Amino acid sequence: MKDVKKLNIATSQGLFEEATKLIPGGVLGARKPSDFIQGEYPVFIEFGKGGRIIDVDGNEYIDFLCGYGPIILGYREEEVDEAVIQQIRDKGFCFTLTQRYQNQLAKKLRELVPSSEMSIFLKTGSDATTASIRIARAHTNRVKVVRCGYHGWHDWCVEMKGGIPEKFYEDVYEFRYNKLDQFEGLMAKYGKETAAIIMTPFGHPNHQKMEEPQPGFLEGVREIATKYGAVLIFDEVRTNFRLSMGGAQKLYGVTPDLSVLGKSMANGYAISVVTGKAEVMMAAAQKLFISSTFFPNSDGYVAALKTIEVLERENVIDNIWKKGDRFLKKVRNIMSKHDVGAELTGVAPMFYITFKKDEAETHRARRDDFYTQLIRRGIFLHPHHHGYICYRHTEQDLDSAVQAIDEALTYVSTKHQYKPL
Ligand SMILES: Cc1ncc(COP(=O)(O)O)c(C=O)c1O
């Protein structure tokens with residue numbers, strides 16, 4: 001199978017080299033070149049439109065990372081950007097006091113998200129998961145937290161523990177998605193001291209296959225949380241306004257006490273939410289100080305209100321499910337033709353291709369070759385993170401991706417002998 005020429009990413013690499021002298025590590029966190037495939041993926045982006053991005057060397061990609069999740073409509077969605085620009089020009093967005101949009105957005109969330117009665121608005125997902133834990137601790141007067149999933153970079157939950165005193169996370173216990181027994185065991189031990197159970201209602205653990213809830217899993221967690229009087233928090237930062245307008249909780253019919261939303265609710269503008277039962281949320285007013293200079297800035301609220309308006313008016317989530325289902329069916333078909341140990345998991349709005357281990361431990365090499373072939377063909381998928389489908393991805397974009405996946409798998413199958421374990 002023919003290889004495809006390596007991309008010219010010289011400008012990206014030059015900027016990265018310069019960045020290492022200005023920024024520790026060059027770029028932060030999940031944007032590091034070593035998190036992709038070093039030397040193959042671009043590091044700096046120039047611009048994007050719809051479902052496509054152009055890097056600083058002029059390479060164009062169909063982008064399935066969608067900014068790591070916030071882009072639900074598409075890049076530079078005019079209606080949303082215009083609403084924000086108009087707000088900035090006509091009224092302003094940064095004041096001492098609060099603008100009226102917070103009430104409008106809280107009312108809208110109450111219509112859409114099953115657990116939503118009252119909301120507080122912040123800027124990032126990490127702000128909001130951390131605030132939700134503080135609210136739960138204040139409400140229950142308990143300390144311990146049981147968790148499942150990625151919840152951001154803050155002290156209590158981040159994977160890399162450098163710079164964090166142990167006492168900041170020593171009361172936090174983890175369980176695996178879909179392992180109800182494990183969760184039950186933790187709760188049998190710590191349930192009476194547990195303030196919060198925070199989990200992603202859909203399984204998207206870092207670097208691993210995606211998982212839908214097994215029958216009874218979410219219901220089981222809900223029941224046990226109630227039994228012990230712990231606050232159940234669904235971290236829907238990735239899933240709300242993606243799996244449905246009311247998140248995974250609406251799709252799967254299990255309602256938590258609090259929910260955390262972020263990412264796609266404002267098509268890229270910074271805003272996040274803790275929303276939930278009034279009885280629990282009132283702890284935020286009575287016992288806590290949650291505040292930032294920037295939390296009331298209305299650019300994010302205006303963008304969220306407009307994004308939600310477009311999502312509803314154009315039935316965006318339905319569109320994404322339908323075209324995504326057609327796309328995943330084609331990808332599954334192709335994958336069945338190539339015996340390379342590739343696996344497709346997830347659902348239409350969020351999906352991931354991973355590689356099974358084999359005797360010779362070639363899974364990393366097969367993965368890296370596969371994703372290298374994709375990026376060289378202008379398909380921006382991530383070797384260590386699932387992809388997303390957005391509204392502005394066209395059928396043609398998806399068909400181009402199907403073809404590239406076919407070619408990349410053919411390349412992998414001619415280069416590697418896959419012997420299943
Ligand atoms: C499920 C989940 N929770 C929380 C966060 C943290 O959000 P942020 O990166 O905006 O702080 C993320 C970010 O990827 C996430 O995926």
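Residues numbered from 1 in each chain as written. Predicted model: local features only at pLDDT ≥ 70, side-chain atom pairs only at ≥ 80, totals over all residues. Heavy atoms only, no water.

Draft legend 1. Broad picture of the sheet that holds strand β12 (residues 350-355). The strand order β11-β12-β14 describes an open sheet built from three strands, whose pairing is antiparallel. Looking at which strands have only one partner, the edges of the open sheet turn out to be β11 (342-347) and β14 (387-388). Examined bridge by bridge, β11 and β12 share six bridges and lie antiparallel to one another. Its bridge partner lying in β12, L344 is registered against I353. In the packing of helix α10 (residues 316-337) onto the sheet, contacts are made with β11 and β12, and the angle to β11 comes to roughly 165 degrees. (Pairing = 2+ DSSP bridges. Helix = DSSP H or I, 4+ residues; strand = E, 2+ residues; numbered from the N terminus. Contact = heavy atoms within 4.5 Å. Axes fitted to C-alpha atoms, helices over the stretch in contact; angles between N-to-C directions.)

Draft legend 2. Inspection of the sheet that holds strand β4 (residues 118-122) at higher detail. Taken in spatial order, the seven strands line up as β4-β10-β9-β8-β7-β5-β6 in an open sheet, and their pairing is mixed. The sheet is open, and its two borders are formed by β4 and β6 (172-174), each paired with just one other strand. In this sheet, neighbouring strand axes are inclined to one another by 20 degrees on average, regardless of whether the strands run parallel or antiparallel. Taken together, the three bridges between strand β8 (residues 231-235) and strand β9 (residues 258-261) define a ladder with parallel strand orientation. Across the sheet, the residue bridging to F234 is S259, located in β9.

Draft legend 3. Examining unusual backbone geometry more closely. Positive phi is not limited to glycine here, since F241 has a value of about 60 degrees. Along the chain, F241 falls in the loop between β8 and α7 (247-252). One non-glycine residue with positive phi stands out, namely E361, at about 55 degrees. With respect to the helices, strands and loops of the structure, E361 is situated in the loop between β12 and α11 (363-376). By relative accessible area, E361 is classed as partly exposed at 47%. (Buried < 20%, exposed > 50% of the residue type's maximum accessible area, 1.4 Å probe, protein only.)

Draft legend 4. Summary view of the layout of surface pockets. By volume, the largest pocket is sized at about 1,400 Å³. The wall of the largest pocket is formed by 43 residues, among which A30, R31, Y150, W153 and K263 lie closest to the centre. Grouping the amino acids of the lining of the largest pocket by side-chain chemistry returns 14 nonpolar, 20 polar and nine charged. (1 Å grid on protein atoms, 1.4 Å probe; cavity = no way out; pocket = protein on both sides within 12 Å on 5 of 7 lines; lining within 4 Å. Points joined across faces, edges and corners; volume = space filled by probe spheres on them. Nonpolar A, V, L, I, M, F, W, Y, C, P; charged D, E, K, R; others polar.)

Draft legend 5. Structural view of a nonpolar patch on the surface. Together, L22, I23 and L28 make up a nonpolar patch on the protein surface, roughly 320 Å² of accessible area in all. Counting through the fold element by element, L22 comes out in the loop between α1 (10-19) and β1 (45-49). With relative accessibility at 62%, the residue L22 sits in the exposed group. (Patch = residues over 30% accessible without salt bridge, like charges linked within 9 Å, V, L, I, M, F, W, Y side chains within 5 Å. Areas by Shrake-Rupley, 256 points an atom, 1.4 Å probe, with all protein chains shown as cover. Salt bridge = Lys/Arg side-chain N within 4 Å of Asp/Glu carboxyl O.)

Draft legend 6. Inspection of the site of the ligand at higher detail. The local shell around the ligand consists of T124, G125, S126, Y150, H151, G152, H204, D235, V237, R238 and K263. Against a free-state accessible area of 390 Å², the protein chains account for coverage of 82% of the ligand. The site holding the ligand turns out to be the largest pocket. Split into classes, the residues belonging to the shell around the ligand amount to two nonpolar, six polar and three charged. (Near = heavy atom within 4 Å. Sits in = over half its atoms within 2 Å of the grid points.)

Draft legend 7. Here's a closer look at the pairing of strand β3 (residues 60-63). Here strand β2 (residues 52-55) runs beside β3; their pairing, made up of three bridges, is antiparallel. The partner of I53 across the bridge, within β3, is Y61. Counting the residues that bridge the hairpin from β2 to β3 gives four residues, and of these G58 lies at a positive phi of roughly 90 degrees. Relative to strand β13 (residues 379-380), β3 runs parallel, the two being bridged by two bridges. Following the sheet pairing, D63 is matched in β13 by F380.

That's the geometry; what it means functionally is another story.
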